[in-house]
Amino acid sequence: MKKFLWVALPIALLAAATIAACGRTMGAAQGQLMAIAQSRGLSPEDATRALKTFVPPGGRDEYLLFASGGHSGQVHVIGVPSMRLLKTIAVFTPEPWQGYGYGADWSEEALGVDENGESAEHGPHANGDDHHAQKEPLRWGDSHHPAMSETNGKYDGRWLYINDRAHGRIGMVDLSDFRAKQILQVPNLQTSHGGVFATPNTEYVHISSKVPALRAWNQKRGQTVTLEDHLNKYADLYRGYSTFVKIDQKTGRMDLGKSFQIELPPYTQDLADAGKGASDGYAFINSYNVEMATGGIQQGKPPIEVGASQLDFDYLHIINWKKAEETIAAGRFTHVNGIRVIALETAIADGLLYLAPEPRSPHGVDVAPKGDYITVSGKLDPHVTVYGFDRILKAIGAKDFEGMDRYGIPILKFASVVAGTVELGAGPLHTQYDNQGNGYTSLYLESAVAKWTLGEPYHQADQAFKLVDKVSINYNISHLATAQGDTMDPQGKYLIAMNKWSIDRHTNVGPLHPQNFQLIDISGPKMQLLADMPIGFGEPHYAQMVKADTIKAKEVYEPGESPATNAHSPNAISSEKEARIVRRKGTVEVWMNVVRSHFTPDIIEAKVGDRVIVHLTNTEQTPDATHGFAVPTKNVMVSLDPGETTTVQFVADTPGTFSFYCTEFCSALHLEMQGWLIVEK
């Protein structure tokens, strides 16, 4: 009983508000709340957590978390502090509720599918072959690292980009309507992990290769690579690529023609970050496997995990992308597979690329809010290593090198560029920051988050690079996200731990357990765990947390607006009076009005083999008055938001009568909202 008496303090706060609003007596209100706490077995700490995270019905969260969906291929939007899932944004994988990948023109365009359901993408893949000549388009992706567009190093809420770890692609989401508008296959990449990140004014989004691919020049020069050569001559035939993808500032779309790549050595490039503030114009990429191990267990060679862990150091790649723009402007590049590529030799000669030793097998590389420090997490080293950008510039200027790698890239002296190290615990992976000059690093093996201090000017020298707090996590944390903690405007309020294991945290739902997010309060000197959130829709990796009022999404589309162009569609109609059917040889084209609770026209006649093209306009302007359009036995499913015009087309290949219908429960007469597709032989 003593346990429940101590609940009184946090509950009394809520009780006082209840009294003021409802006129109840203190004793009655407090007694009722105490009874609820006792019946549920809640501790004082539980009551405090509940008050800190509760968002009342109809209330709004202060922050939005944009979390990668891992092998679901999507992005998930979560309210903070409530930890409520608000929306899933379809990106790399078809998703029927949003009508993504089931015939709607805007979604088929984003997914790179033509009118015949075949791949419409063009351009060679990483190995130089005509990868996109394949007829079956990719229908899945492994979304890893979201990057929101920025202005002056701060989130601006316009667009979101995310990489596909599996296929070397980038997806672009327009945050005015939370829809994916473009997926770009990046040339010369096979897989990607180093990105996506946005430069401080979204001049570019960056993505780099993970596993090196066959050097693009081999195909350009017509060189033949034998099966035996592939891995036996790995160091000569393979390369990595750092890609700076140009962003159209009006539309947010990626422009491959104005983008460029810098060729890298065939180390395994891993996570990356963009400089800002003091380091604006630079990019930083971790790497591992400078040993260039390729495995071959059956041939008696060690597995990659052993071969890639032989040396004490790997290399931090330091790239001057502003200077690379000058190299491009001077014409010192080669077009390879549709993109401008700066050769490794040119990058060295022009001073675009330097290396710095880092503890072996590092993982995260994270730039501090002012851009003055770069934190590298050692994974196999219990320390974080903090590089000073001023030290890096000084070492480059003084040519303070410990030597060159085998390709001739200068290697900066470790002691010259490191500002400090902090021993945190077992398995440091990723770091985010607050507004008080503190870093927060995930400890995978220890299942904890460590809080530590940066150096000057954030803290005096005697307080710099010190471990100040730890909080236990359940379990095996990988990425973490603090509120705007990877920008120049960190908030210092909440942290999300993104955990890989969830043993004993939730009700058993079978052998495949959900992932587990945990919300942590970092506003005080000690971190406090507030809430768990099971994630049952893939394995999220990175996430970004932004103030909710930064996002200015539209409630409805302008009448007749096309999501594909964000402009008025030439196929829009304003009322059912403009609805019509036009028949041509082999084609039936329909301009359809959609409104509660009927389609106009509601009967479509076609012959077997006809291509049926339906331009649908939802002429409603009431928020949330969404309609659907689905055709039985066809992969046709359109979600039609208020004001939207979307086109779907398919081949009527089977005779019969098919009752198309609205898939959204839009009104009391929703079930009556249907029509007929009649297909004759």
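Report follows, based on the coordinates. Just so it is clear, the model here is predicted, and its values are computed rather than measured.

## Points about the pattern of salt bridges
As enumerated under the stated definition, the model contains 26 salt bridges in all. Of the charged contacts in the structure, one is a salt bridge between Lys 500 and Glu 539, with a shortest N-O distance of 3.2 Å. Note that Lys 500 is positioned in the loop between β30 (494-499) and β31 (515-521) and Glu 539 in the loop between β32 (528-535) and β33 (543-547), a separation of 39 residues in sequence. In this structure, the salt-bridge partner of Asp 653 is Lys 634, at a minimum N-O distance of 2.6 Å.

## Examining the pairing of strand β15 (residues 313-320)
Burial analysis of β15 places seven of its eight residues in the buried class, which makes it a mostly covered element. Where strand β14 (residues 282-288) and β15 come together, four bridges link them in antiparallel fashion. Counterpart to Ile 285 in the pairing with β15 is His 317. Pairing analysis gives seven bridges linking β15 to strand β18 (residues 353-359), with the strands arranged antiparallel. Across the sheet, residue Leu 316 finds its bridge partner in β18, namely Ala 356.

## Looking at the sheet that holds β33
Pairing in this open sheet of four strands is antiparallel, and the strands run β3-β2-β1-β33 from one edge to the other. The open sheet has two edge strands with one neighbour each: β3 (85-89) and β33. Ignoring strand direction, the axes of neighbouring strands in this sheet form an average angle of 20°. In this structure, strand β2 (residues 75-80) lies alongside β3, joined through four bridges in antiparallel fashion. Following the sheet pairing, His 76 is matched in β3 by Thr 88.

## Let's talk about the pairing of strand β26 (residues 438-443)
Most of β26 is tucked away: six of the six residues are buried. Residue alternation in β26 divides its side chains into two sets, Asn 438, Tyr 440 and Ser 442 and Gly 439, Thr 441 and Leu 443, and both sets are buried. As defined by bridge partners, strand β25 (residues 428-433) adjoins β26 across four bridges and the pair is classed as antiparallel. Each bridged residue has a counterpart across the sheet, and for Pro 428 the counterpart in β26 is Leu 443. In sequence, β25 turns back onto β26 through a hairpin of four residues, with Gly 437 there showing a positive phi of about 80°. In terms of strand pairing, β26 meets strand β27 (residues 448-453) through six bridges, oriented antiparallel. Residue Gly 439 lies in a different strand from β27, and its bridge partner there is Trp 452. Adjacent in sequence and paired antiparallel, β26 and β27 are bridged by four residues, among which Ser 447 carries a positive phi angle near 55°.

## What to know about the sheet that holds β32
Taken in spatial order, the four strands of this open sheet run β29-β30-β31-β32, and their pairing is antiparallel. Single-partner strands in this sheet number two, and they are β29 (477-482) and β32. Shown here is a sheet whose adjacent strand axes are inclined to one another by a mean of 20°, direction ignored. Relative to β30, β29 runs antiparallel, the two being bridged by four bridges. Considered in β30, the bridge of Leu 480 is made with Ala 497. Of the strands in this sheet, β30, β31 and β32 touch helix α4 (residues 44-53), which is tilted by about 70° from β32.

## Comments concerning the packing of aromatic side chains
This structure, assessed with the given rule, holds 21 aromatic pairs. Residues Tyr 204 and Phe 244 carry aromatic rings whose centres are separated by 6.1 Å and whose planes lie at 80° to one another, so their mutual orientation is edge-to-face. Pair noted here: Tyr 204 is in strand β9 (residues 204-209) and Phe 244 is in strand β11 (residues 238-247), with a separation of 40 residues, a long-range link. As far as the burial class goes, Tyr 204 and Phe 244 line up, both buried. A centroid spacing of 6.5 Å and a plane angle of 85° characterise the contact between Tyr 387 and Phe 414, whose relative ring orientation is edge-to-face.

Procedures and definitions
- Residues numbered from 1 in each chain as written.
- Predicted model: local features only at pLDDT ≥ 70, side-chain atom pairs only at ≥ 80, totals over all residues.
- Heavy atoms only, no water.
- Salt bridge = Lys/Arg side-chain N within 4 Å of Asp/Glu carboxyl O.
- Helix = DSSP H or I, 4+ residues; strand = E, 2+ residues; numbered from the N terminus.
- Buried < 20%, exposed > 50% of the residue type's maximum accessible area, 1.4 Å probe, protein only.
- Pairing = 2+ DSSP bridges.
- Axes fitted to C-alpha atoms, helices over the stretch in contact; angles between N-to-C directions.
- Contact = heavy atoms within 4.5 Å.
- Phe/Tyr/Trp six-rings, centres within 6.5 Å; stacked < 30°, edge-to-face > 60°.

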